[in-house]
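# Examination of the molecular architecture
The lines below spell out each chain.
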Amino acid sequence: MDKSSIKQFDRGTEDIDILCWNNYRLGSKQSFRLWMYIRFPNMFGILDAMIRNYFVEFAVSVSMLLFGACSQNANTSRNELFKILNAEKTGITFTNLLHESDSLNIFTYLYYYNGGGVAIGDINNDSLPDIYFSGNETDNKLYLNKGNMHFQDITEEAGVRCHGAWSTGVSMVDVNGDGLLDIYVCEVKRWSGAGSSNQLYINNGNLTFTESAHQFGLDFSGWATQAVFFDYDRDGDLDCFLLNHSVKDPEQFKPSNITREAFDAMSGDRLYENRNGYFQDVTRKSGIYSSPVGFGLGVDVGDVNRDGWPDLYVGNDFHENDYLYINNQDGTFREVIAQSTGHTSNFTMGVAIADINNDALPDILSLDMKPEDDLTYKLSGVWENFNIYNFKHSFGYHHQSSRNAL
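Residues numbered from 1 in each chain as written. Predicted model: local features only at pLDDT ≥ 70, side-chain atom pairs only at ≥ 80, totals over all residues. Heavy atoms only, no water.

## Description of the overall build of the protein
- A count of helices and strands for the protein gives 11 helices and 20 strands.
- Evaluated residue by residue, the protein yields a buried proportion of 42% over its 406 residues.
- Pairs at least 24 apart in sequence give 56% of the contacts found in the protein among residues at least 6 apart.
- Accessible surface, the protein as shown: approximately 21,400 Å² in total, 54% of it carbon and sulfur. (Helix = DSSP H or I, 4+ residues; strand = E, 2+ residues; numbered from the N terminus. Buried < 20%, exposed > 50% of the residue type's maximum accessible area, 1.4 Å probe, protein only. Contact = heavy atoms within 4.5 Å. Areas by Shrake-Rupley, 256 points an atom, 1.4 Å probe, with all protein chains shown as cover.)

## With respect to the pairing of strand β15 (residues 323-327)
- Burial runs high along β15: 5 of the 5 residues are buried.
- Of the two faces of β15, the one lined by Y323, Y325 and N327 and the one lined by L324 and I326 are each fully buried.
- Taken together, the 3 bridges between strand β14 (residues 311-316) and β15 define a ladder with antiparallel strand orientation. Among the inter-strand pairings, L312 is bridged to a residue of β15, identified as Y325.
- Hairpin connection, β14 to β15: the antiparallel pair is bridged by 6 residues, and F318 has positive phi, about 60 degrees.
- Note: β15 against strand β16 (residues 333-335), 3 bridges, orientation antiparallel. Looking across to β16, one finds that I326 is bridged to R334.
- Hairpin geometry of β15 and β16 is characterised by an intervening segment of 5 residues between the two adjacent antiparallel strands and by a positive phi of about 70 degrees at Q329. (Pairing = 2+ DSSP bridges.)

## Let's talk about the pattern of salt bridges
- This structure, assessed with the given rule, holds 6 salt bridges.
- Its salt-bridge partner being K141, residue D153 comes within 3.1 Å of it at the nearest N-O pair. With D153 in strand β4 (residues 150-153) and K141 in strand β3 (residues 141-147), this pair connects stretches of sequence that are 12 residues apart.
- R260 is the salt-bridge partner of E320, the closest N and O atoms lying 2.9 Å from each other. Taken as a pair, E320 in the loop between β14 and β15 and R260 in the loop between α7 (256-259) and β11 (270-275) lie far apart in primary sequence, 60 residues in all. (Salt bridge = Lys/Arg side-chain N within 4 Å of Asp/Glu carboxyl O.)

## Describing the environment of G350
- Inspection of the secondary structure assignment puts G350 in strand β18 (residues 350-354).
- For the pair G350 and L367, spaced 17 residues apart in sequence, the C-alpha to C-alpha distance is 5.2 Å.
- For G350, the residues in contact, after removing those within four places along its chain, are G298, L365, S366 and L367.

## Structural notes on the side chain of N274
- For N274, the location among the structural elements is in strand β11.
- On the accessibility criterion, N274 (5% relative accessible area) is buried.
- Here G277 takes part through its backbone nitrogen, which lies 2.9 Å from a polar atom of the side chain of N274.
- Among all residues touching N274, those that are not within four sequence positions of it are V175, D235, D237, L238, D239 and F279. (Polar contact = N/O pair within 3.5 Å; in protein donor to acceptor, adjacent residues only side chain to side chain.)

## Looking at the side chain of H245
- Examined against the element boundaries, H245 turns out to sit in the loop between β10 (239-244) and α7.
- Of the residues examined, H245 reaches a relative accessible area of 2% and is grouped as buried.
- A polar contact is formed between the side chain of H245 and the side chain of T225, at a distance of 2.8 Å.

## Things to note about the packing of aromatic side chains
- Inspection of every chain in the model, using the stated rule, returns 17 aromatic pairs.
- Between F94 and F133, the ring centres sit 5.0 Å apart and the planes meet at 10 degrees, which makes this aromatic pair stacked. Here F94, found in the loop between α4 (87-90) and β1 (117-121), pairs with F133, found in strand β2 (residues 130-134); they are 39 residues apart in sequence, far enough to count as distant.
- An angle of 45 degrees between the planes, with centres 6.1 Å apart, marks the rings of F230 and Y232 as tilted. Of the two residues, F230 and Y232, both sit in the buried class.
- Through a chain of ring-to-ring contacts, the aromatic side chains of Y109, Y111, Y112, Y113, W166 and W223 assemble into a single cluster.
- Stacked on the ring of Y289, the Lys or Arg R260 has its end atom at 5.9 Å from the ring centre. (Phe/Tyr/Trp six-rings, centres within 6.5 Å; stacked < 30°, edge-to-face > 60°. Lys NZ or Arg CZ within 6 Å of the ring centre and 35° of its normal.)

## Section: the confidence of the model for the protein
- Here the protein shows a mean pLDDT of 81. Residues at 70 or above account for 77%.
- Note that residues 1-71 has pLDDT below 50 and, in this model, 55 contacts with residues that lie over four places away or in other chains. (pLDDT = per-residue confidence, 0-100.)

## Observations regarding a nonpolar patch on the surface
- Together, I106, F107 and Y113 line one region of the surface with nonpolar side chains, adding up to about 270 Å² of accessible area.
- What makes Y113 partly exposed here is its relative accessible area of 46%. (Patch = residues over 30% accessible without salt bridge, like charges linked within 9 Å, V, L, I, M, F, W, Y side chains within 5 Å.)

## Describing the sheet that holds β10
- Taken together, the 4 strands give an open sheet; going across it, the order is β9-β10-β11-β12, and neighbouring strands pair in antiparallel fashion. Each end of this open sheet is capped by a strand with a single partner; those strands are β9 (224-230) and β12 (278-281). If you compare each strand with its neighbour and ignore which way they point, the axes differ by 25 degrees on average.
- Where β10 lies against β11, 3 bridges are found, and the strand directions are antiparallel. Within β11, the residue paired with F241 across the bridge is L271. (Axes fitted to C-alpha atoms, helices over the stretch in contact; angles between N-to-C directions.)

## Here's the deal with the pairing of β3
- Judged by how many residues are buried, β3 sits mostly within the fold: 5 of 7 residues are covered.
- As judged from the 3 bridges shared by β2 and β3, these two strands associate in the antiparallel manner. Looking at β3, one finds that I131 is bridged to Y143.
- Between β2 and β3, which pair antiparallel one after the other, the connecting turn spans 6 residues.
- Sheet topology note: the β3/β4 ladder contains 4 bridges and is antiparallel.

See below:
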């Protein structure tokens, strides 16, 4: 197929998306290639290039496998730090299975393949860490650690499976301060059924839990990603920052001071202050952005400026800046990413605040989605050209590069 064949189609129409998707599912690879050419003109020729290189890469891989297998096996037993334990040994059988359909796939939901979450904590105070898995089209699972690396599935009797929900991030934390770990599960509203919201499972102390999100003010309903609990006002109890993600068109650029200051009830981030056990939404007066361009995929807490007060780093996907929130010590935050960094990752997927080089100073690591091999990067790794890069910068967006940043 040549480029001239594309001109008769209207790029960006939903009809073309649906047509090509349906044909692809029926086995028409030509339609899928057509969709790639229409949607991603910069990637023209990627399939042909991949095919041409496939057999060369395959031959090299086989050669490396044949000549390296013996030495690799010999070294593995001596150098391995970890080993995989199978389900028969551990009792853990959770699998986050996805079943694409014409109505639910990566075209209808941008973060279809982002996965769920996992939390590890000792729910019964027996000094053995237990595991909670959250699933998308799969019910969540809670595994009780029985010792000797064996776990028992207690999901049903514990009452924590979140049946029918599209669960994302999960946190194990003592929300009510009774010395027992509770479980907070984030959900994506649209794919979790009508009336769905984030779930808070309060630990009853007998390996059962009671869902209590509404009673605690944490029953947010929208596009939730992950929650972190921390005492941002240093009053002795845990508050909550809820990271959410947008599903707006990431290619629609507007001046950042307009989009960033807007409020979005479904996808904007939230800050909740713990007031005598009830979490009050204080987002709008706290300095936290809660806009439709916050494609939040990662968050961490740390004392970045070493003043004794917890700060926040939020990683955003696409063109929106990452956010570095410095605690003002008065219940508010100020965002300083542009003043504090020369550049950040572009498609920030995960973040961590830690002392990387052992100098007693907190460092920040952000992870991007740069392709591993040079061929894929040069064929498909270009999100924007230099003109668009400058255009974004003139609209108030920070310098970003498609790579990990430290």
